[in-house]
Amino acid sequence: MEARTEISSLGEFGLIKRINQGIKNTLPDTIKGIGDDAAVIDLGTEEYGLLSSDMLMEGVHFDLTFFPLKHLGYKAISINVSDIAAMNGTPRQVTVNLALSNRFSVEAIDELYEGMKTACADFNVDLVGGDTSSSLSGLFISVSVFGKVQKDKIAYRNTAKPHDLLCVTGDLGGAYMGLQLLEREKQVFLADPNMQPDLEGKDYVIQRQLRPEARMDVVYELAEAGVLPTSMIDVSDGLASDLLHICAQSGVGAIVFEDKLPIDDQTYLAGTELNLSPITAAMNGGEDYELLFTVSQQAYDLIKNNPKISVIGYITDKKEEIMLHTQQDSRVPITAQGWS
Ligand code: ADP
Ligand code: MG
């Protein structure tokens, strides 16, 4: 009998690692392959090309009972732009692959593209192609993005240095709380279709889930302030998981201060209502699409007055120690995993 290994025994990161081990890139202009937010390509100019792709699958990444197609289109573009932002780059062009079943009307696809067009306009990117297929069930969207970055401005995951400050943009945990609220309202509605959704005062966290904004604004502001991140990643899987990527790849440790985590009031409120910890949502919730980056200590004066940036900790040379300094002054290891 042929051997059969369950994918769950590797997990997401184990699987990607295994794929990576089997791939040997040979082209001289392939500067960076698997392992960062985008692949890096030498364009033979003073800029690198950046190439990345992300997909959204119905039933896995979104539920159309509460996900408006317009927002879904916006999100599909935005989460791809986010990976270019995470390289400190500028997005340029996207291609869009779609698979859809006959459940979708022409008008529905128009809606989806309305959202994509809005995102393309917001982030100043051109939608230049793609592919379309039928699907046996459900909707599948895959977007690829091409971007550019000045060679001396690129930010990798593997270049954080001990004593660097650890920074994050915006706030964390909101997208996760938004999803939990939407899921709850869905259950209420399924139980009694006459029930009206109770989402008042929850607009911010709902929007964090349905319509995340890639932080290109911060990429531009850092450049204007003359700050070059020493490393960067976007927070797609949760702060814990994404910090672990930076630390593992840079061979460093980190201390995060729980009381410095930026968490919106609506995230706290939702946490109380749903009996979920806002800290856990910030650490492990994911889908916030904020930027997690490091800067040298000298850069502190240049970022300290930017309300979009929180300094949440620092990098250490103890590479096995990635710790959360709690509000009770204890230190607990930060752990994370991808989907399994
Ligand atoms: P992100 O969350 O930034 O999109 P991922 O965690 O999805 O990054 O992927 C990590 C790295 O693994 C990236 O460099 C990505 O291109 C690569 N990768 C993911 N899935 C595959 C795959 N099926 N084949 C080859 N490379 C992959
Ligand atoms: Mg990423």
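Scroll up to find the structure this text is about.
What comes next concerns the included structure.

Conventions we followed
- Sequence order as written defines residue numbering, which begins from 1 separately in each chain.
- By the order in which they are written, chains take letters starting at A while ligands take numbers starting at 1.
- The model is predicted, so local features are restricted to residues of pLDDT at least 70 and side-chain atom pairs to those at 80 or more, both for listing and for counting; the totals for chains, interfaces and linings are taken over all residues.
- Side-chain figures throughout are based on the complete set of non-hydrogen atoms in the structure, without hydrogens or water.
- Each helix corresponds to a stretch of at least 4 residues labelled H or I by DSSP, and each strand to a stretch of at least 2 residues labelled E; elements are numbered beginning at the N terminus.
- Note that the radius of gyration is over C-alpha atoms, with the globule rule given as 2.2 Å times the number of residues to the power 0.38.
- Each residue gets one of three labels from its accessible area relative to the maximum for its type: buried under 20%, exposed over 50%, partly exposed in between, using a 1.4 Å probe on protein chains only.
- Contact definition: two residues touch when any of their heavy atoms are within 4.5 Å.
- His is not counted, nor are the chain ends; Lys and Arg add positive charge and Asp and Glu add negative charge.
- Charge placement uses NZ in Lys and CZ in Arg. For Asp and Glu, CG and CD serve respectively.
- Strand pairing is assigned whenever DSSP detects at least two bridges linking the two strands.
- The axes are straight lines fitted to the C-alpha atoms, using for helices just the contacting stretch, and the angles between their N-to-C directions are given from 0 to 180°.
- Nearness is judged by heavy atoms alone; a residue qualifies as near a molecule or strand once a single heavy atom is within 4 Å of it.
- Think of a polar contact as two N or O atoms within 3.5 Å of one another; within protein, one of them needs to be a possible hydrogen donor and the other a possible acceptor, and neighboring residues in sequence only count if both atoms come from side chains.
- Residue burial considers only the protein chains on display, and all accessible areas are found by Shrake-Rupley using a 1.4 Å probe.
- Under the scheme applied, nonpolar residues are Ala, Val, Leu, Ile, Met, Phe, Trp, Tyr, Cys and Pro; charged residues are Asp, Glu, Lys and Arg; polar residues are all the others, including Gly.

When its secondary structure is counted, the protein chain shows 10 helices and 13 strands. For the protein chain, whose C-alpha radius of gyration is 20 Å, the value lies close to the compact-globule estimate of 20 Å for 340 residues. Within the span of the protein chain, comprising 340 residues, buried residues form 46% of the whole. Within the protein chain, counting contacts between residues at least 6 apart in sequence, those at least 24 apart form 83% of the total. Positive and negative charge centroids in the protein chain, built from 27 and 49 side chains respectively, lie 5 Å apart.

In this section: helix α5 (residues 203-210). V205, I206, R208, Q209 and L210 are the residues of α5 that are buried. For α5, the elements touching its buried residues are α2 (69-85), α4 (174-191), α8 (265-274) and β10 (290-295).

A few words now on the sheet that holds strand β11 (residues 309-316). Within a sheet, adjacent strands bond to each other through the backbone by hydrogen bonds, running parallel or antiparallel. Strands sit in the order β8-β10-β7-β11-β9-β12-β13 across an open sheet of seven strands; the sheet is mixed. Two strands in the sheet have a free side with no partner beyond their single neighbour: β8 (231-235) and β13 (331-333). Direction aside, neighbouring strands of the sheet carry axes that sit 25 degrees apart on average. The strands touched by helix α7 (residues 239-250) are β7 (165-169), β8, β9 (253-257), β10, β11 and β12 (322-325); relative to β8, the strand with the most contacts, the crossing angle is about 155 degrees.

Turning our eyes to something else, we now look at the environment of L127. With respect to the element layout, L127 can be found in strand β5 (residues 126-134). Through-space distance from the C-alpha of L127 to that of L179 is 28 Å; in sequence the pair is 52 residues apart. In this structure L127 touches V94, V96, Y113, M116 and C120, once residues within four positions along its chain are discounted.

A separate point is the site of ligand 1. The immediate surroundings of ligand 1 are formed by I16, I19, I34, G35, D36, D37, D54, D83, R157, D234 and S236. D36 is positioned such that a nitrogen or oxygen atom in its backbone is 3.0 Å from an oxygen atom of ligand 1. Between D37 and ligand 1, the recorded distance is 3.0 Å, taken from a side-chain N or O atom to an oxygen atom. Relative to its free-state accessible area of 560 Å², ligand 1 is covered by the protein chains to the extent of 64%. For the shell around ligand 1, the residue count by class is three nonpolar, two polar and six charged.

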